[in-house]
Amino acid sequence: MKKNRFVGRYVAFFLLAVLSSGVFISCKEKNEDIVKRKTITEVIMENERFSILKDIMIHAEMTDALRTGEITFFAPDNSAFGKANIFASSVITGLPADSARKLINNHIIGKKRLEYKDLLVAKEKSLTGKELSLTKTDSIFAVNKADIILPDISAANGVIHIIDSLAVR
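As the structure is a computational prediction, the values presented were derived from the model and not from experiment.

Reading the values: the criteria
Residues numbered from 1 in each chain as written. Predicted model: local features only at pLDDT ≥ 70, side-chain atom pairs only at ≥ 80, totals over all residues. Heavy atoms only, no water. Helix = DSSP H or I, 4+ residues; strand = E, 2+ residues; numbered from the N terminus. Buried < 20%, exposed > 50% of the residue type's maximum accessible area, 1.4 Å probe, protein only. Contact = heavy atoms within 4.5 Å. Areas by Shrake-Rupley, 256 points an atom, 1.4 Å probe, with all protein chains shown as cover. Core = buried A, V, L, I, M, F, W, Y, C linked by side-chain atoms within 4.5 Å. Salt bridge = Lys/Arg side-chain N within 4 Å of Asp/Glu carboxyl O.

Draft legend 1. Representation of the overall build of the chain in the model. Of the regular secondary structure elements, the chain holds six helices and seven strands. When the 169 residues of the chain are sorted by exposure, 36% land in the buried category. The contacts in the chain between residues at least 6 apart in sequence include a share of 63% that link residues at least 24 apart. Carbon and sulfur atoms form 58% of the exposed surface of the chain, whose accessible area is close to 10700 Å².

Draft legend 2. Focus on helix 6 (residues 97–105). What helix 6 keeps buried is the set Ala 100, Leu 103, Ile 104 and Asn 105. Where helix 6 is buried, its residues contact helix 3 (51–59), strand 1 (71–76), helix 4 (78–83), helix 5 (90–93) and strand 2 (108–110).

Draft legend 3. Local environment of the nonpolar core. In this structure, Leu 53, Leu 66, Phe 73, Phe 81 and Ile 104 are the most contacted members of the largest nonpolar core, which totals 26 residues. Breaking this core down by element, the ones donating at least two residues are helix 2 (40–46), helix 3, strand 1, helix 6 and strand 7 (158–163). Among all residues touching Leu 53, those that are not within four sequence positions of it are Ile 44, Phe 73, Ala 75, Pro 76, Phe 81 and Ile 104. Within the second largest apolar cluster, 14 residues are counted, among which are Phe 74, Leu 132, Phe 141 and Ile 148.

Draft legend 4. Broad picture of the side chain of Thr 39. Within the fold, Thr 39 resides in the loop between helix 1 (5–26) and helix 2. What makes Thr 39 buried here is its relative accessible area of 12%. If sequence neighbours within four positions are ignored, Thr 39 has contacts with Leu 66, Arg 67, Ala 155, Ala 156 and Asn 157.

Draft legend 5. How the structure looks around the pattern of salt bridges. Here the structure, examined in full by the defined rule, presents eleven salt bridges. Between Glu 70 and Arg 113 there is a salt bridge, and its shortest N-O distance comes to 3.4 Å. With a gap of 43 residues between them, Glu 70 in the loop between helix 3 and strand 1 and Arg 113 in the loop between strand 2 and strand 3 (122–125) connect regions that are remote in the sequence. Judged by its relative accessible area of 25%, Arg 113 is partly exposed. Note that Asp 118 and Lys 117 form a salt bridge whose closest N and O atoms lie 3.4 Å from each other. One network of salt bridges, in which partners are shared, links Glu 42, Asp 64 and Arg 67.

Draft legend 6. Highlighting unusual backbone geometry. Phi is positive for Glu 61, close to 55°, though the residue is something other than glycine. Mapped onto the elements of the fold, Glu 61 is located in the loop between helix 3 and strand 1. For Glu 61, a relative accessible area of 64% translates into the label exposed. Although it is not a glycine, Lys 145 sits at a positive phi angle of roughly 70°. Following the sequence through the fold, Lys 145 ends up in the loop between strand 5 (140–143) and strand 6 (146–155). Looking at Lys 145, the relative accessible area reads 76%, which means it is exposed.

Structure below.
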């Protein structure tokens, strides 16, 4: 009696095809598997360095506004607010929300993503129309005399440059 060796080969080929196709199918990326970059709002909300700014953003109802659009945000951290004798967010959250919104918008250049390497000595307009004067001393840029102490925190919708004092009040 003759043995049919083709059956074993077909079974082996079938198993190999099924296993390899399973590997290829399982390696496809799905949208929900891709890690998305954080927005400016998420960066500020998750960083203790910005606890005062976070409270002001919530009070001004700007958390959604800073999730979209390309912007450059010269963000004051807690020590920058301290230089202005603002040691707690209640100093600003006690004001009307429009005042808090204006304070934040004074530190934002809209529709531009200005990385540190792209900054020029120039004058830019904030979202409120206030003039932001960009100057350079040695290799350090300043915005209305507020030094950029930590540049280029990249976000999905722009860039954050941390400044050491309030640029505009």
